[in-house]
Amino acid sequence: MMDVNSNPYELLGLESGVESTESEIKKAYRKKALVKHPDKNPNANPEEFLQIQQAYDLLSDEGAKRALDGLLRARAAREERLSHQTEKRRKMRSDLERKERESLEQQEAETRLKANLKAELDRLREKLEKTQSQKHTHIHAPNSNLNSNSSSQLHQKNAEELSRMVKLSWDGETSFTENELMALFAGLGSIQSVVMKSNKKEKKTKKKKRKGGSALLVMASKEQGESVVRHVELNDGLGFEGFSARLMSEGNESMQKGGEPKKEDSRLGSNFSQSKTSQKIGTRESVNLKSMEEAILAKMKKKKAAEF
């Protein structure tokens, strides 16, 4: 007798299962019998033919077939439910694995970001400590080099300015105006400015006061200033009483070596620094230099005639 778990349709090779018709069942049985019947096939297994015969007998009986079809349909429905449940569970499992994988990736990314942040914070901390250390060192370190450099630069700048300044001095009754001095030295270079100084003030004595004056002649370069000094020295004071010329840088050099500049030079330099020396050269060039030179030479001749 057939087992209840056996499927007669499968034994007969009916793929349609419970949907197979009566003619299809008979045709499938005859086909199998030709292969499995011992009389037709000496090598056939009698037990297999017996199972085929029992399957056909069951399917040929209407009541038995109805009961079998109900059981097979119930099994198919259960398997379908299980397949749906399995698919759902498979999907749930896949979603769960995906979420776990995403969570792990997020944790790894967060770990990397935390490590990067920690590295940046350490770098900023080191930078801040280094900056504070440098500031501390700068505040407490001796600033002699800075002061020395500033003093040296200032001295160099002052020396450059003084090297083109010529101090003119003269004694006696002779007096000069700014324009006269410009005309007197116009041929020796470009005169940037002339600063006049009032007559010397001396303490009252029994002797008569000596008159005279001084001025500061600013040339365009050191070489032109030296030319003025040489011109005065070679021409014996240009024929005027006590007329002399020297570079202001000479007094500055003596002060750097430990000497003290003359009080008069200091006042003259102060007057020069406070004076308005920004007058246009073009205004001075408008003076008739030739006529001024002739007037100065006439004054020199008159003075020499009076001495004889």
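Quantities reported herein were computed from a predicted structural model and do not represent experimental measurements.

For the rest of this paragraph, the subject is the overall build of the protein. A tally of regular secondary structure across the protein gives 11 helices and 4 strands. Classification of the 308 residues of the protein by burial places 25% in the buried group. For the protein, long-range pairs separated by at least 24 residues make up 69% of all intrachain contacts whose partners lie at least 6 apart in sequence.

All chains considered together, the criterion is met by 1 aromatic pair. Between Tyr29 and Tyr56, the ring centres sit 4.2 Å apart and the planes meet at 15 degrees, which makes this aromatic pair stacked. Within this pair, whereas Tyr29 is found in helix α2 (residues 22–36), its partner Tyr56 is found in helix α3 (residues 46–60), the two being separated by 27 residues in sequence. The two residues Tyr29 and Tyr56 agree in class, both being buried.

Moving on, we get to helix α7 (residues 222–234). The terminal C-alpha atoms of α7 lie 18 Å apart, and with 13 residues this matches the ideal 18 Å at 1.5 Å per residue to within 8%. Of all the positions in α7, only Gly225, Val228, Val229 and Val232 are classed as buried. The buried residues of α7 occupy an angular sector of 95 degrees when projected down its axis, which confines them to one face. Exposed side chains of α7 directed beyond 90 degrees from the buried face belong to Glu223 and Leu234. Summarising the contacts, the buried residues of α7 are in contact with β1 (165–171), β3 (212–219) and β4 (244–247). Phi turns positive, to about 50 degrees, at Asp236, one or two residues after α7.

Applying the stated criterion across every chain yields a total of 12 salt bridges. A salt bridge links Glu62 to Arg66; the nearest nitrogen and oxygen atoms lie 3.2 Å apart. Remark: Arg66 and Glu62 occur in helix α4 (residues 62–140); sequence separation between them is 4 residues, near one turn of the helix. Residue Arg66 is classed as exposed on the basis of its relative accessible area, which comes to 52%. One salt bridge in this structure joins Arg125 and Asp122, with 2.8 Å as the shortest N-O distance. Of this pair, Arg125 and Asp122 both sit in helix α4, 3 residues apart, which is roughly one turn of the helix. Taken together, the shared-partner salt bridges in this structure form one network comprising Lys91, Asp95, Arg98 and Glu102.

What counts as what
- Residues numbered from 1 in each chain as written.
- Predicted model: local features only at pLDDT ≥ 70, side-chain atom pairs only at ≥ 80, totals over all residues.
- Heavy atoms only, no water.
- Helix = DSSP H or I, 4+ residues; strand = E, 2+ residues; numbered from the N terminus.
- Buried < 20%, exposed > 50% of the residue type's maximum accessible area, 1.4 Å probe, protein only.
- Contact = heavy atoms within 4.5 Å.
- Phe/Tyr/Trp six-rings, centres within 6.5 Å; stacked < 30°, edge-to-face > 60°.
- Expected span 1.5 Å × (residues − 1).
- Arc of directions from axis to C-beta.
- Salt bridge = Lys/Arg side-chain N within 4 Å of Asp/Glu carboxyl O.

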